[in-house]
Amino acid sequence: MTHWAWLVPALPAFAAVVGLFLSRYVPGGPAVPAIVGTALSLLVAVVLLADAESNPGAVHQTTVPWTPLDGFHLSIGTRIDGLAAVTSVMVAIVALLVQIYSTAYMAGDPRYSTYAAEVSLFTAAMLLVVVASDLFELLIGWEVMGLCSYLLIGHYWQTEGARSAAVKAFVTTRIGDTGFLFGIFVLGVAAGSFDVGQVVGRASAMSHAAVTAGALLLLAGVVGKSAQFPLHVWLPDAMAGPTPISALIHAATMVAAGIYVVARLYPVYLAAPDARTVLGVIACLTMLGAALAALAEDDLKRVLAWSTVSQLAYMGAGLAVGAWTASIYHLLAHAGFKALLFLAAGSVLRSVGTNLMSEMGGLRQRLPVTFVTAVIGAAALAGLPPFAGAFSKDAILTAAREHGGALGTAVYAVGLVTAFVTAAYATRFIVRTFFGSYRGALDVRAQVHESPLVMTAPLVVLAAACILLGAPVVPNSYGVASWLDAPTGTVPLHLDAAGVVLSAVIVIAGSAAVVALYRRRPDEDPVTVLGHAATPLVHAFWVDDVYERLVVRPAYATARAMRLTDDSAIDAAVVASGQGTSAVGALLRRLQNGNVQAYVSGLVVVVIAIVMTVSLAVAR
Amino acid sequence: MTRHGVTVADVVFGLLGVVCLASALLVVTARNVIHAALWLVACFGALAGCYLVLTAEFVAWVQVLIYIGAIVVLMLFGAMLTRAPIGRLQELDSHNRPVAAVAGLAAGGTLCALVVSAFKDGYVDVHHAAVGDGKAVGTAIFRFFVLPFELASVLLLAALVGAIVLSRRTAH
Amino acid sequence: MHLSLALVVSALLFGIGVYGVLARRNAVAVLMAVELMLNAGNLDLVAFDAWWRDTMHAGQVFALFVVVIAAAEVGVGLAIVLAVFRLQDTAAIDEVTSLADRDPRVLADAAAEVDG
């Protein structure tokens, strides 16, 4: 069956092509190729997962050789191990649910067919990244994802916010992608091949400098795509795109691609402890900073965006301390609850028409299904056992504490503080949206109603996933972990009862604090209790402003200077050459003044001069 | 090469040459176009004399007949028809005078120098020359130069027709 | 007689003719100066004919042809002068400058004036 693994990215790609060019001939509209393509891809992925489950630890690689340039040999194909199988199933499920949800959310949008095709293309690209057997193949998928992200964030391109957000996302991730590209070069050259299996196999044999350089350069791309500090600035602004996109790209798939690549090439990182230290430091900074920023956000979707940044940092921190299985488990759990939260937010926004929580409140009676599923998602986000996000986070923290050394202790400490803040903002999110009294416009309140089945069904499915992904941990031994085949040298997934209890207490404390503040003052934003300390949080620690000053303004100034140079120097030179020629022409024009005598004078004088010269010369 | 002395022919020719040059100068400096035309007559007359000294009788008579008799008359007609004032002429073209003087001097000077350096020993024996009377010139034309003669007549015809066409009043 | 005498007269006559062509303003006066130049050439032709003692009298024959051509030229030339005089009411050749190369912008303005 693994011979057919190439269908997994190929089917959505085909659906994208059909959707882009032939959607008007397909009966049922553009949604059909999109949904059918993704569903079939899911089917193949499930079969692959079943295969991986029955043969744990097996790696199936099917490749064809390809020589794009003379002397440059690649082998393109698929490499299916447990990690790839599980992740491809996750991606396909979330993509399918998003496509189904979008049929209602984007109903009436004039560009829906392009949207559906772009989502299919994106799914294909992500799946290509997941199953790729060659680093360049992976890079192709990586770059196409960046392109689709740009296109989809800029879906509402008639608004300034969407346009600039799309450009910001693309440029910021591009900065990371440059490092990523060079990382591929370094690793490929050091391993003698760009095949993933070869790179992973020879990682321990590479020179320390090469493997560390490669790992760090790849990390640049990870930081960009997975929105870690300092390239995190694009993700909150990317919320200008449609909400289902945020669910797919900025929760479950694209941002997880960075973590996935680190996991896929983990032996490289095992051989480069310095790179892991860097990753860990970045993760700690991002984890806490993003959680604090989420605490102060009023925009519903931006809260979730900051939350994504923070949760990805958890995964990054896990990989930094060697907790491979726990990080991947958290990736899967995060995909589930974050997609759920985004889709629930979409359901709310579609009714209420505003993103700002200060204009919402008391919506739980009118949006019952959304409310219940959102609460489940928030609980998973906060890390409340037995929901999905709890055990994965605890596993990371346990591994950090027990096996991480100094870095691990830092991760543990920061992780606990972040857990408190995470619980706080998750609770704040629920309380401000669904509890209290309605703070928005009255005519809108009358229209608020539950979303159609096509939208609530995915919510229910994802809520079930949040529960189920947590539950298997409790009775038996880590069902998810057995599907993944962790590389040797990583910390296996295990939990410490004391640790679980401690983190549960912290989570409950965070929630309780917010609930208490709500009870005291039901309609006031709980973050105002921090007073002036909230200012850095609201401005997200002014990172965007720093970039504005350091990068954006000089870039604009340079552009203006270039244009001035072009206008006044280069253009002026060109124009001046024309004017100069005209001036010379004007001078010459005086020779032809119409006076015949002048012409004849010139003629005679020159002829006589010639005659004199010749005769003098001859006479000599 | 024997050196020859100054003969009567030399003197006569020299005097006629002086007359010719002087009247030519007056032609180009006269303030009145009619006066210029009359000085032109004097110049042509002196030239006819020069031709006679050079034993070119037929040419001398043709010079008088055609040049003085027809061409100068034509010019007088032209001057009067273009209402050149009988009185003082408009100012000569003072803008071009310096250049013209330089050009004239240079042209004359160069030619003189060339000619003198090339032919300073040339001598025309006027007593034993082939006389260019009517019979001799006529024979020469109709024996050796018939074609140019015919072409010249065609040329005259063309000039005649052309002059008539050019001076027609355009009928609109 | 000395050949060089005739040739010198001819050369000086030619120079005077050149001056006249370039300096005179009246068109008829210019034509007169041209006649002077042509006559200078004629004198040269006849002088050399006498020097060669040419029985074919080629020099004199060509001198005659020059006279013919000069006559034709004066006829046509005066017709042109008359035509120009009728157009512009002046016989001064330095006022006949319509074939001058003018600045296109000036020409365009002038054309606009004529049309408008």
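Residues numbered from 1 in each chain as written. Chains lettered and ligands numbered in written order. Predicted model: local features only at pLDDT ≥ 70, side-chain atom pairs only at ≥ 80, totals over all residues. Heavy atoms only, no water.

1. Concerning the interface of chain B and chain C
Consideration 1: Taken residue by residue, the interface counts 89 residues in chain B and 70 residues in chain C.
Consideration 2: Summed over both sides, the interface between chain B and chain C buries roughly 7000 Å², with carbon and sulfur atoms accounting for 77% of that surface.
Consideration 3: The tally of links between chain B and chain C comes to 0 salt bridges.
Consideration 4: Going through the elements one at a time, helix 1 (8–29), helix 2 (33–53), helix 3 (57–81), helix 4 (97–119), helix 5 (134–144) and helix 6 (146–166) of chain B are the ones with two or more residues in the side of chain B that touches chain C.
Consideration 5: For the side of chain B that touches chain C, the class distribution of residues is 63 nonpolar, 18 polar and 8 charged. (Contact = heavy atoms within 4.5 Å. Buried area = accessible area lost by both parts, 1.4 Å probe. Salt bridge = Lys/Arg side-chain N within 4 Å of Asp/Glu carboxyl O. Helix = DSSP H or I, 4+ residues; strand = E, 2+ residues; numbered from the N terminus. Nonpolar A, V, L, I, M, F, W, Y, C, P; charged D, E, K, R; others polar.)

2. Describing the interface of chain B and chain A
Consideration 1: Every contact between the two is made by 8 residues of chain B and, on the other side, 9 residues of chain A.
Consideration 2: Carbon and sulfur atoms make up 71% of the area that chain B and chain A hide from each other, which totals about 600 Å².
Consideration 3: In this structure, the connection of chain B to chain A is made through 0 salt bridges.
Consideration 4: Here chain B is connected to chain A by 1 residue pair in polar contact (both at pLDDT 80 or more).
Consideration 5: Grouping the amino acids of the side of chain B that touches chain A by side-chain chemistry returns 5 nonpolar, 2 polar and 1 charged. (Polar contact = N/O pair within 3.5 Å; in protein donor to acceptor, adjacent residues only side chain to side chain.)

3. Details of the packing of aromatic side chains
Consideration 1: Per the counting criterion, the structure on display carries 19 aromatic pairs over all chains.
Consideration 2: Both rings, one in Trp 4 of chain A and one in Trp 6 of chain A, keep their centres 6.4 Å apart while their planes meet at 40°; by these two values the pair is tilted.
Consideration 3: Where Phe 119 of chain B meets Trp 51 of chain C, the ring centres are 5.5 Å apart and the plane angle is 85°; that geometry is what we call edge-to-face. With Phe 119 of chain B in helix 4 and Trp 51 of chain C in helix 2 (residues 27–52), this residue pair bridges two chains.
Consideration 4: Classification of Phe 119 of chain B by relative accessible area gives partly exposed; the value is 23%.
Consideration 5: Look at Trp 51 of chain C and you get partly exposed, because its relative accessible area is 28%.
Consideration 6: Of the aromatic side chains, those joined through ring pairs into one cluster are Phe 136, Phe 182, Phe 185 and Phe 194 of chain A. (Phe/Tyr/Trp six-rings, centres within 6.5 Å; stacked < 30°, edge-to-face > 60°. Buried < 20%, exposed > 50% of the residue type's maximum accessible area, 1.4 Å probe, protein only.)

4. Quick notes on the confidence of the model for chain C
Residue and element names in this part refer to chain C.
Consideration 1: Of the residues in chain C, 98% reach a pLDDT of 70 or more, and the chain-wide mean stands at 89.
Consideration 2: Confidence scores differ between elements of chain C, with helix 4 (residues 104–115) showing the lowest mean pLDDT of 75 and helix 1 (residues 3–23) the highest of 95.
Consideration 3: Scored as a complex, the prediction yields pTM 0.71 and ipTM 0.90. (pLDDT = per-residue confidence, 0-100.)

5. A closer look at the domain arrangement of chain B
Consideration 1: As assigned here, chain B comprises domain 1 (8–129) and domain 2 (133–172).
Consideration 2: Here the C-alpha centre of domain 2 of chain B lies 24 Å away from the C-alpha centre of domain 1 of chain B. (Domains from an automatic or database assignment.)

6. Here's the deal with the nonpolar core
Consideration 1: In terms of nonpolar packing, the biggest core is built from 189 residues, with Leu 265, Val 268, Tyr 269 and Leu 363 of chain A touching the most fellow members.
Consideration 2: Looking at which element gives the most residues to this core, the answer is helix 15 (residues 324–352) of chain A, with 19 residues.
Consideration 3: What Leu 265 of chain A contacts, discounting residues up to four positions off in sequence, is Leu 135, Val 196, Val 199, Val 200 and Leu 218 of chain A.
Consideration 4: By size, the runner-up hydrophobic cluster in this structure holds 80 residues, among which are Val 27 of chain B together with Leu 7, Ala 50 and Ala 58 of chain C. (Core = buried A, V, L, I, M, F, W, Y, C linked by side-chain atoms within 4.5 Å.)

7. Considerations on the pattern of salt bridges
Residues and elements named next belong to chain A.
Consideration 1: Counting across every chain of the model gives 15 salt bridges over all chains.
Consideration 2: The residue Arg 432 makes a salt bridge to Asp 298 at a minimum N-O spacing of 4.0 Å. Placement of the pair is Arg 432 in helix 18 (residues 405–434) and Asp 298 in the loop between helix 13 (273–296) and helix 14 (300–321), with a sequence separation of 134 residues.
Consideration 3: Take Arg 432: its relative accessible area is 5%, and that puts it in the buried class.
Consideration 4: A salt bridge links Glu 548 to Arg 553; the nearest nitrogen and oxygen atoms lie 3.6 Å apart.
Consideration 5: Here Glu 548 falls in the partly exposed class, since its relative accessible area comes to 33%.
Consideration 6: Take Arg 553: its relative accessible area is 43%, and that puts it in the partly exposed class.
Consideration 7: One connected set of salt bridges, linked through shared partners, spans Lys 168, Asp 237, Glu 297, Arg 302 and Asp 544.

8. Here's the deal with the packing of helix 14 of chain A against helix 17 (residues 388–403) of chain A
Residues and elements named next belong to chain A.
Consideration 1: Relative to each other, helix 14 and helix 17 sit at 35°, their axes nearing to 9 Å. Between helix 14 and helix 17 lies a crossing of left-handed hand. Seen from helix 14, the contacting residues are Gln 311, Tyr 314, Met 315, Gly 318 and Val 321; seen from helix 17, they are Lys 393, Ile 396, Leu 397 and Ala 400.
Consideration 2: Among the residues forming the contact of helix 14 with helix 17, the class breakdown is 6 nonpolar, 2 polar and 1 charged. (Axes fitted to C-alpha atoms, helices over the stretch in contact; angles between N-to-C directions. Left-handed = near helix turned anticlockwise from the far one by under 90°.)

9. Digging into helix 4 of chain B
Consideration 1: Taking 1.5 Å of rise per residue, 23 residues should cover 33 Å, and helix 4 of chain B covers 32 Å from first to last C-alpha, within 8% of that figure.
Consideration 2: Turning to helix 4 of chain B, its buried residues are Ala 100, Ala 103, Gly 104, Ala 107, Gly 108, Thr 110, Cys 112 and Val 115 of chain B.
Consideration 3: Buried residues in helix 4 of chain B make contact with helix 25 (596–619) of chain A together with helix 1 of chain C. (Expected span 1.5 Å × (residues − 1).)

10. Here we look at the state of the cysteines
Consideration 1: Summed over the entire model, instances satisfying the criterion amount to 0 disulfides over all chains.
Consideration 2: Here Cys 20 of chain B stays unpaired: no disulfide links it, and the sulfur of Cys 43 of chain B, its closest cysteine neighbor, is 3.6 Å away. (Disulfide = S-S within 2.5 Å.)

11. Description of the environment of Phe 21 of chain A
Consideration 1: Following the sequence through the fold, Phe 21 of chain A ends up in helix 1 (residues 7–21).
Consideration 2: Taking the C-alpha atoms as reference points, Phe 21 of chain A and Ser 113 of chain A, 92 residues apart in sequence, are found 9.6 Å from one another.

12. Observations concerning the pairing of strand 1 (residues 60–69) of chain A
Residues in a regular strand project their side chains so that they alternate between the two faces of the sheet.
All names here are of chain A.
Consideration 1: Bridge count for strand 1 against strand 2 (residues 72–80) is 8 bridges, and the pairing is antiparallel. By the bridge assignment, His 60 is partnered in strand 2 with Ile 80.
Consideration 2: In textbook terms, the turn of a hairpin is the stretch between consecutive antiparallel strands, and for strand 1 and strand 2 this stretch comprises 2 residues, one of which, Gly 71, has a positive phi near 85°. (Pairing = 2+ DSSP bridges.)

13. Thoughts on the side chain of Lys 225 of chain A
All names here are of chain A.
Consideration 1: Tracing the backbone through its elements, the reader meets Lys 225 in helix 8 (residues 208–225).
Consideration 2: Taking relative accessible area as the criterion, Lys 225 reaches 0% and is therefore assigned buried.
Consideration 3: Discounting chain neighbours no more than four positions away, the residues touching Lys 225 are Trp 142, Met 145, Gly 146, Thr 173, Asp 177, Trp 234, Met 254 and Val 255.

14. What about the environment of Phe 62 of chain C?
Consideration 1: Note on placement: Phe 62 of chain C falls in helix 3 (residues 58–88).
Consideration 2: In this structure, the C-alpha to C-alpha distance between Phe 62 of chain C and Arg 24 of chain C, residues 38 residues apart in sequence, is 29 Å.
Consideration 3: Those residues in contact with Phe 62 of chain C, other than ones at most four positions away along the chain, are Phe 145 of chain B together with Leu 45 of chain C.

15. Structural notes on a nonpolar patch on the surface
Residues and elements named next belong to chain A.
Consideration 1: On the surface, Leu 147, Tyr 150, Leu 151, Val 167, Phe 170, Val 171 and Ile 175 cluster together to form a nonpolar patch covering roughly 550 Å² of accessible area.
Consideration 2: The element best represented in the nonpolar patch is helix 6 (residues 160–191), accounting for 4 residues.
Consideration 3: Relative to the assigned elements, Val 171 resides in helix 6. (Patch = residues over 30% accessible without salt bridge, like charges linked within 9 Å, V, L, I, M, F, W, Y side chains within 5 Å. Areas by Shrake-Rupley, 256 points an atom, 1.4 Å probe, with all protein chains shown as cover.)

16. Points about the packing of helix 5 (residues 135–153) of chain A against helix 10 (residues 243–252) of chain A
Residues and elements named next belong to chain A.
Consideration 1: At their nearest, the axes of helix 5 and helix 10 sit 11 Å apart, and the two run at 155° to each other. With respect to their mutual orientation, helix 5 and helix 10 come out roughly antiparallel. As for the relative orientation of helix 5 and helix 10, their crossing is left-handed in sense. Contacts between helix 5 and helix 10 involve Ser 149, Leu 152 and Ile 153 from the first element and Ile 245, Ile 249 and His 250 from the second.
Consideration 2: For the contact of helix 5 with helix 10, a count of residues per class yields 4 nonpolar, 2 polar and no charged. (Parallel < 35°, antiparallel > 145°, perpendicular 65-115°, else oblique.)

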